[in-house]
Amino acid sequence: MPSRKVNLVEGEYYHLFNRGVDKRDIFMDKEDVERFHQCMIEFNTKVPIGSIYENSFLKEKEKEDTPLVSFISYCLNPNHYHHIMTPLVEKGIESFMQRLGTGYTLYFNNKYKRSGSLFQGKFKASHIDSNEYLLHVSAYVNLNDKTHQLGGSSSKLVRSSWDEYRGIEKMGICNKDIILNQFKNSKEYEQFALSSLIDIQERKKDQRELQDLLID
């Protein structure tokens, strides 16, 4: 099995993403989205919890509170997800992502009476090697559903950290300071992110037009 091309080291930031096998949906209803989000919270611990069901019986003081990773932003879409995170311990990302993928797949397969892999191989990772890149990728991830122009019923199967950054969701899971401390307030960041979204959509449009010309 080939090794991962990107080394995931403490103190660095990474854009992680994966999608359903054969491009299938990984969230069929709102309950699935909320379950995946719960997995993101409860599997982010140095000591394995066994399962979310088992973890629910532990008292708060018995639960390990040392996280594996720190979330910067995320977006959960019907057939794929995006995370920006940094590992807090050695192999933190690898351990967390393995638990997240396994735990959610077990839940999904049990609920929908299926078997086999749910995700398309290992998660993909890109090293965020500059502050400018971090700012723009945060906008891309926070607004990823809008980047894909999801609407209708699909828009109801989306959850992202966008509301955390706008101050609407108070009890969030992201460490937003690395981003928001570079702006006067959340409103200024919102304007920056929406401007970045326009640039991203224009580039996607240009790429589609170029592909059409090459096909012709």
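Keep in mind that what you see is a predicted model, and the values were worked out from it rather than measured.

Student: Can you lay out the overall build of the chain for me, pointing to particular residues and giving the numbers?
Tutor: What the chain contains, in helices and strands, is 8 helices and 5 strands. Going residue by residue from the N terminus, the α and β elements of the chain occur as β-α-α-β-β-α-β-α-α-β-α-α-α. Here the chain holds 216 residues, and the buried ones make up 41% of them. Intrachain contacts of the chain at a sequence separation of at least 6 include 72% that bridge at least 24 residues. For the chain, the accessible area works out to roughly 12,400 Å², and carbon and sulfur atoms hold 51% of it.

Student: Go over unusual backbone geometry with me, naming the residues and quoting the values.
Tutor: Backbone geometry at D22 places phi at a positive 55°, although glycine is not the residue there. Within the chain, K91 stands out as a residue other than glycine whose phi angle is a positive 65°. Mapped onto the fold, K91 is located in the loop between β3 (80-87) and α3 (92-112). Residue K91 is classed as partly exposed on the basis of its relative accessible area, which comes to 48%.

Student: Please provide a residue-by-residue account of the side chain of S138, values included.
Tutor: Examined against the element boundaries, S138 turns out to sit in helix α4 (residues 131-142). In this structure, S138 is in contact with S73, I84, I179 and Y189, ignoring residues within four places of it in sequence.

Student: Which residues make up the sheet that holds β3, and what values do they have?
Tutor: Backbone-to-backbone hydrogen bonds join strands into a sheet, with any given pair of strands oriented parallel or antiparallel. If you trace the 5 strands from one edge of the open sheet to the other, you get β4-β1-β3-β2-β5, paired in antiparallel fashion. In this open sheet, the two strands that pair with only one neighbour each are β4 (124-128) and β5 (159-160). Bridge count for strand β2 (residues 69-77) against β3 is 8 bridges, and the pairing is antiparallel. In the sheet register, S70 faces β3, and the bridge partner there is T86. Sheet strands touched by helix α1 (residues 30-42): β2, β3 and β5. Its angle to β2, the strand with the most contacts, is close to 170°.

Student: Could you give an account of α1, with specific residues and numbers?
Tutor: Helix length check: α1, at 13 residues, gives a terminal C-alpha distance of 18 Å against a target of 18 Å (1.5 Å per residue), a fit within 8%. Along α1, the residues classified as buried are D32, V33, F36, H37, C39, M40 and E42. Where α1 begins, the capping side chain belongs to D29, and its oxygen is found 3.1 Å from the backbone nitrogen of E31.

Student: A description of the packing of aromatic side chains should follow, citing residues and the corresponding values.
Tutor: One pass over the structure, following the stated rule, counts 15 aromatic pairs. With a centroid separation of 5.7 Å and an interplanar angle of 70°, the aromatic rings of F27 and Y104 are classed as edge-to-face. Linking F27 in the loop between β1 (13-19) and α1 with Y104 in helix α3, this pair joins segments that are 77 residues apart in sequence. According to the relative accessible area criterion, Y104 is buried, its value standing at 0%. Arranged with centres 6.4 Å apart and planes meeting at 45°, the rings of Y104 and F119 form a pair that is tilted. Of the two residues, Y104 is situated in helix α3 and F119 in the loop between α3 and β4; the sequence distance between them amounts to 15 residues. One aromatic cluster in this structure is built from F27, F36, Y81, Y104, Y107, F108, Y112 and F119.

Student: An account of the nonpolar core is requested, with residue identities and associated values reported.
Tutor: Of all hydrophobic cores here, the largest spans 31 residues; its most connected members are F36, I93, F96, M97 and Y104. Elements with a minimum of two residues in this core: β1, α1, β2, β3 and α3. Considering each element in turn, this core owes the most residues, 7 residues, to α3. Setting aside its immediate chain neighbours within four residues, F36 contacts F27, L76, Y81, H83, L100, Y104 and F119. Among the nonpolar cores identified, the runner-up in size contains 20 residues, and I84, V158, I179 and F192 belong to it.

Parameters at a glance
Residues numbered from 1 in each chain as written. Predicted model: local features only at pLDDT ≥ 70, side-chain atom pairs only at ≥ 80, totals over all residues. Heavy atoms only, no water. Helix = DSSP H or I, 4+ residues; strand = E, 2+ residues; numbered from the N terminus. Buried < 20%, exposed > 50% of the residue type's maximum accessible area, 1.4 Å probe, protein only. Contact = heavy atoms within 4.5 Å. Areas by Shrake-Rupley, 256 points an atom, 1.4 Å probe, with all protein chains shown as cover. Pairing = 2+ DSSP bridges. Axes fitted to C-alpha atoms, helices over the stretch in contact; angles between N-to-C directions. Expected span 1.5 Å × (residues − 1). Polar contact = N/O pair within 3.5 Å; in protein donor to acceptor, adjacent residues only side chain to side chain. Phe/Tyr/Trp six-rings, centres within 6.5 Å; stacked < 30°, edge-to-face > 60°. Core = buried A, V, L, I, M, F, W, Y, C linked by side-chain atoms within 4.5 Å.

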